Amino acid sequence: MAIFLSLLTAASFGTGDFLGGLAGKRMRVAQVVAVSHLVGLVGITLASLVLAERFAAGDLVWGALGGAAGGTGIALLYRGLARGPMGVVAPLTAITSAAVPSLWGVIVNGDRLGTLAWLGVAVALVAIGLVSWSPGEGARLTARAIAEALLAGAGVRVVLVGQDQTANHHAPGPSVAARRQST
């Protein structure tokens, strides 16, 4: 079941990012982000009323901090997908978002990864780039597009870092705070 839910989540995020990028070409990025986050806020709020055992202020703060970073990251992603070459913006964002939680664990939490784990991280990052890369795309790549893609990847994964700092039995309260802050 966990594998099915993981695949469903990945498909949902991929579809949402693609549609957000397309919508960003037709509407202002702020409008796209507002609509997508409002829909998510309603869903997660309803889920929290059913699933949460209790709420804690500290966990809500971590959720809100992650949400602020995540909202900024999504806005940068959608703007980057609308302005820059999708085939470059998407993999840069994906690579950065894959690296941030690992770097947080190593730098902040003092986690230690073995050689095989570091090799796995390197292979995964290269694979994300190779799978996503589409050379010859029409939009021009700029330093700003690269910077925004990197910041987008960091922002969307700071949400996970914030969630990791919370207690499991308070879920999905921090997710509500994250979504509320990023809306």
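Definitions and cut-offs
Residues numbered from 1 in each chain as written. Predicted model: local features only at pLDDT ≥ 70, side-chain atom pairs only at ≥ 80, totals over all residues. Heavy atoms only, no water. Helix = DSSP H or I, 4+ residues; strand = E, 2+ residues; numbered from the N terminus. Buried < 20%, exposed > 50% of the residue type's maximum accessible area, 1.4 Å probe, protein only. Contact = heavy atoms within 4.5 Å. Salt bridge = Lys/Arg side-chain N within 4 Å of Asp/Glu carboxyl O. Polar contact = N/O pair within 3.5 Å; in protein donor to acceptor, adjacent residues only side chain to side chain. Expected span 1.5 Å × (residues − 1). pLDDT = per-residue confidence, 0-100. Core = buried A, V, L, I, M, F, W, Y, C linked by side-chain atoms within 4.5 Å. Patch = residues over 30% accessible without salt bridge, like charges linked within 9 Å, V, L, I, M, F, W, Y side chains within 5 Å. Areas by Shrake-Rupley, 256 points an atom, 1.4 Å probe, with all protein chains shown as cover. Axes fitted to C-alpha atoms, helices over the stretch in contact; angles between N-to-C directions. Parallel < 35°, antiparallel > 145°, perpendicular 65-115°, else oblique. Left-handed = near helix turned anticlockwise from the far one by under 90°.

Below, the discussion takes up the overall build of the chain. Scanning the chain from terminus to terminus reveals seven helices and zero strands. For the chain, the α and β elements follow one another from N to C terminus as α-α-α-α-α-α-α. Residue burial in the chain is summarised as follows: out of 183 residues, 31% are buried. When contacts within the chain are restricted to residue pairs at least 6 apart in sequence, long-range pairs at least 24 apart make up 90% of them.

Turning our eyes to something else, we now look at the pattern of salt bridges. Here the structure, examined in full by the defined rule, presents two salt bridges. A salt bridge links Glu148 to Arg79, with the nearest nitrogen and oxygen atoms 2.8 Å apart. Of this pair, Glu148 sits in helix α6 (residues 143–164) while Arg79 sits in helix α3 (residues 57–83), and the two are 69 residues apart along the sequence. Close ionic contact of Glu148 with Arg144 constitutes a salt bridge, the shortest N to O distance being 3.2 Å. A residue pair is termed a helical-turn pair when its members lie 3 or 4 positions apart in one helix, as Glu148 and Arg144 do in helix α6 at four residues.

The residue Thr45 is located in helix α2 (residues 29–51) in this model. With a relative accessible area of 27%, Thr45 lands in the partly exposed category. The spacing of Thr45 and Ala177 is 132 residues in sequence and 9.2 Å in space, taken between C-alpha atoms. For Thr45, the side chain forms a polar contact with the main-chain oxygen of Leu41, separated by 2.7 Å.

Residues lying three or four places apart along an α-helix face the same way, a consequence of the helix completing one turn every 3.6 residues. The end-to-end C-alpha distance of α2, which contains 23 residues, comes to 32 Å, matching closely the 33 Å that a straight helix rising 1.5 Å per residue would cover. Inspection of α2 places Val29, Val32, Val33, His37, Leu41 and Ser48 among the buried residues, and these make up the whole buried set.

On to the confidence of the model for the chain, then. Model confidence for the chain is summarised by a mean pLDDT of 80, while 88% of its residues fall at 70 or above. The secondary structure element of the chain with the lowest average pLDDT is helix α7 (residues 173–182), at 70, and the one with the highest is α6, at 87.

A few words now on the nonpolar core. Judged by nonpolar contacts, the single largest core of 14 residues is most densely connected at Val33, Ile74, Leu77, Tyr78, Leu81 and Val89. Every element with two or more residues in this core is listed here: α2, α3, α4 (86–107) and α6. Counting residues per element, this core draws most heavily on α3, which supplies five residues. For Val33, the residues in contact, after removing those within four places along its chain, are Ile74, Ala75 and Tyr78.

Moving on, we get to a nonpolar patch on the surface. Together, Leu38, Val42, Leu46, Leu49, Val50 and Leu51 make up a nonpolar patch on the protein surface, roughly 650 Å² of accessible area in all. Locating Leu46 in the fold gives a position in helix α2.

Our next topic: the packing of α3 against α6. Two numbers describe how α3 lies on α6: the axes approach to 7 Å, and their chain directions differ by 150°. When the axes of α3 and α6 are compared, the pair comes out roughly antiparallel. In this structure, α3 meets α6 at a crossing whose hand is left-handed.

All right, on to α6 then. With 22 residues, α6 should cover 32 Å at 1.5 Å per step; its first-to-last C-alpha distance of 32 Å lies within 8% of that length. The complete set of buried residues in α6 reads Ala145, Glu148, Ala149, Ala152, Gly153, Gly155, Val156, Val161 and Gly162. Along its buried surface, α6 packs onto α3 and α4.

For the rest of this paragraph, the subject is the environment of Gly16. You can see Gly16 is positioned in helix α1 (residues 2–26). Among the residues examined, Gly16 registers a relative accessible area of 29% and is labelled partly exposed. For the pair Gly16 and Ser36, spaced 20 residues apart in the sequence, the C-alpha separation amounts to 8.5 Å.

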